Amino acid sequence: MLVFKGLPVSPGIAIGNVMVVDDDLRRVPRRTIRTSKVKDEIARLDTAIAASIAELNLVHEEAKREMGGETAKIFLFHVGMLADKSLINPIRKAIETTLVNAEYAVSQAFVDLAAKFMANPDSVFATKVNDIEDLAHRLLKHLGGDDRNARFRQVDPQTIVIARDLTPSQAAAFDRQRILAFATDLGGKTSHTAIIARALDLPAVVGCQALLKYARDGMAVILDGDRGTVTFNPDLASIDEYRRIKENSRLFRLSLTEIADLPSVTADGTPVGLLGNIELPEEAGKVLTAGGSGVGLYRTEYLYLTGNSEPSEEDHYNAYRTCIELVKGRELTIRTVDLGADKYTQAQEEIPERNPFLGCRSIRYCLLNLPMFKRQIRALLRASSLGPIKVMFPLITSLGELRHAKYLINDTMEELEEEGIAFDRSIKLGMMVEVPSAALLADLFAREVDFFSIGTNDLVQYTLAVDRTNERVAHLYNPTHPAVIKLIKDVSRSGRRHHIPVSCCGEAAADPEFALLLLGLGLRTLSVTSSAIAPLKRMIRSVTISQCERIARQAMSLDSDVQVAAFLRDQARKIVPEAFDGRSAEA
Ligand code: PEP
Ligand code: MG
């Protein structure tokens, strides 16, 4: 038995068998082929090479437009390698003489080549190793067909995925009947893969650092998404113990269902808006069942991450119509696409950025890809005639960006009017406050929007300079940092001053301790993942606003994140011990 510790990012316990997902070239499976199949296998290889070259030529053209000829040359280097007989002929020969599948022959040839480059004393060669791996993966992708995520739909029942890292689109493609949970070596609590895990109620542990050294396909494993542990080859006593914890946890969750239908008001009668965050339109119904009074954040970029092609205006429109029907006239805030950083499409994947969280992300990406953005805006406006929706722009850092986005909305309104298509002219437009520049200039922004939604996931990373997906700095990623609290307080105050509502839709809002602080700082709407709604409602119903305000005042007098976190924990446990029952029983 061996226990690994990581960051618990999605609660629940799963007992099952390992499936390793590893893009390490050294782990590509070897299959023996029959002599009669050698010709077919070599033909498969040649088709994949031709498809890779065609794709690289397109990528080169696009990169030349975006980055200039010199930088784009790298893709010509890749084409050159694929045309190099001294690399490709040995792969053909390996298939022919050792009767192995093309994928395995490719992986071995590229592993050997990377080793030779690494061993070369000239450091220029070592820097090319990434290129070699990149090219090998492209070739393997073409050998595997177009559906990159098919492997997540052809798995044994009771599977627990163990990976170095997973993208949000991979997690979203999981066969939920068969994949029970996942753990990764990389990743942080607010990475979008972790967010998807919570949305799908999939127990998950990330940032474990060394799972892949040990995990093998088929191994028995227990994953504990509450404590953040992954236990390989567990003994019988551990399995029994975990079955018991799992049952307790099921009963605890059941006890929360009674709360779902009760109003979300504090003990002194102040209503608190409790909304849900969703990634897929169908989740809107789940939010209401869980006791939420609407959707506070619909992350529409998942339309791009779950399909194989770019969504059309109709795809957008149909998704929004589904949401509108499911929320039945209650609040629905739809955020325009937030692609880039750790949520990228196949097209973005082709031109990786060095610092993707500081790069062409979110509203910046939309404003540079206007036809794509206009498709979404048209669909949003058309959908606004079906039921009340609000539209929110992500990652706004300057007034110029906000005005540009609003101009596109107005322009599209004129267009629709000319075409005689119905829409809601008084649709509410808001923005995420998730970058320090937006928080610092909240007074200016407040004059130009109908509402603010604070995104602590990004606000924390950009304020503290801590990558939200990097497990190595996860200990520095703390929403309780006094600088973050100060920014939230200032945004809340600006909202009050300008009479616009301010909510919080970052993951921190789902933490009952942090939610106490948010209420104390003046926020009256929280938007969280569905499974967090009931526990949060229980906390809201047990506390008074004056208690929250006292807690916020005291928290702001402390000078470190550790002190604030400890203080909030203490206060919350004193004031609402029942809100922590389930966690203390399991933790
Ligand atoms: C946030 O940054 O807090 C947020 C809600 O947006 P996302 O997690 O999608 O970046
Ligand atoms: Mg964000």
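Let us look at the structure shown here.

Rules used in this analysis
Residues numbered from 1 in each chain as written. Chains lettered and ligands numbered in written order. Predicted model: local features only at pLDDT ≥ 70, side-chain atom pairs only at ≥ 80, totals over all residues. Heavy atoms only, no water. Disulfide = S-S within 2.5 Å. Pairing = 2+ DSSP bridges. Helix = DSSP H or I, 4+ residues; strand = E, 2+ residues; numbered from the N terminus. Axes fitted to C-alpha atoms, helices over the stretch in contact; angles between N-to-C directions. Core = buried A, V, L, I, M, F, W, Y, C linked by side-chain atoms within 4.5 Å. Buried < 20%, exposed > 50% of the residue type's maximum accessible area, 1.4 Å probe, protein only. Contact = heavy atoms within 4.5 Å. Patch = residues over 30% accessible without salt bridge, like charges linked within 9 Å, V, L, I, M, F, W, Y side chains within 5 Å. Areas by Shrake-Rupley, 256 points an atom, 1.4 Å probe, with all protein chains shown as cover. Salt bridge = Lys/Arg side-chain N within 4 Å of Asp/Glu carboxyl O. 1 Å grid on protein atoms, 1.4 Å probe; cavity = no way out; pocket = protein on both sides within 12 Å on 5 of 7 lines; lining within 4 Å. Points joined across faces, edges and corners; volume = space filled by probe spheres on them. Nonpolar A, V, L, I, M, F, W, Y, C, P; charged D, E, K, R; others polar. Donors = N, O, S within 2.8 Å, 3.2 Å for Na, K, Ca; no water.

With that out of the way, let us pick up the state of the cysteines. All told, the structure shown has 0 disulfides when counted by the stated rule. Cysteine 505 supplies the cysteine sulfur nearest to cysteine 323, a cysteine that is in no disulfide, at a spacing of 15 Å. With no disulfide of its own, cysteine 360 lies closest to cysteine 366 among cysteine sulfurs, the gap being 9.1 Å.

Moving on, we get to the sheet that holds strand β11 (residues 331-335). Strands sit in the order β9-β10-β11-β12-β13-β14-β15-β16 around a closed barrel of 8 strands; the barrel is parallel. Strand-to-strand twist across the sheet, computed as the mean angle between neighbouring axes with direction ignored, equals 25°. Where β11 and strand β12 (residues 390-393) come together, 3 bridges link them in parallel fashion. Note on β12: the bridge partner recorded for threonine 333 is lysine 390.

Looking now at the nonpolar core. Within the largest apolar cluster, 118 residues are counted, with the highest numbers of intra-cluster contacts made by Phe182, Tyr298, Tyr320, Phe393, Met431, Phe452 and Ile488. Ignoring sequence-local partners within four residues, the contact set of tyrosine 298 consists of Ile278, Glu279, Leu280, Pro281, Leu303, Ala319, Tyr320, Cys323, Thr333, Ile334 and Arg335. One finds Leu45, Ala63, Ile91 and Ala102 within the second-largest nonpolar core, a separate group that totals 37 residues.

Moving on to a nonpolar patch on the surface. A grouping of Leu440, Leu441 and Leu444 is seen on the molecular surface, where their side chains present a nonpolar patch of about 270 Å² in accessible area. For leucine 444, the position within the fold is in helix α19 (residues 442-446). Taking the relative accessible area as the measure of exposure, leucine 444 reaches 33% and is therefore partly exposed.

Applying the stated criterion across every chain, the model contains 1 cavity of 30 Å³ or more. Empty space within the largest cavity amounts to approximately 70 Å³. Taken together, 14 residues make up the lining of the largest cavity; nearest its centre are Arg299, Arg335, Glu434, Asn457 and Asp458. Of all the elements in the fold, those that place two or more residues in the lining of the largest cavity are β10 (294-299) and α20 (456-464). Residue composition of the lining of the largest cavity, by class: 3 nonpolar, 4 polar and 7 charged.

Coordination of the magnesium ion (ligand 2) by the protein is provided by Glu434 (OE) and Asp458 (OD), with metal-donor distances spanning 2.0 to 2.1 Å. Of this pair, glutamate 434 sits in the loop between β13 (428-433) and α18 (436-440) while aspartate 458 sits in helix α20, placing them 24 residues apart in sequence. Residue class for glutamate 434 comes out buried when judged on its relative accessible area of 2%.

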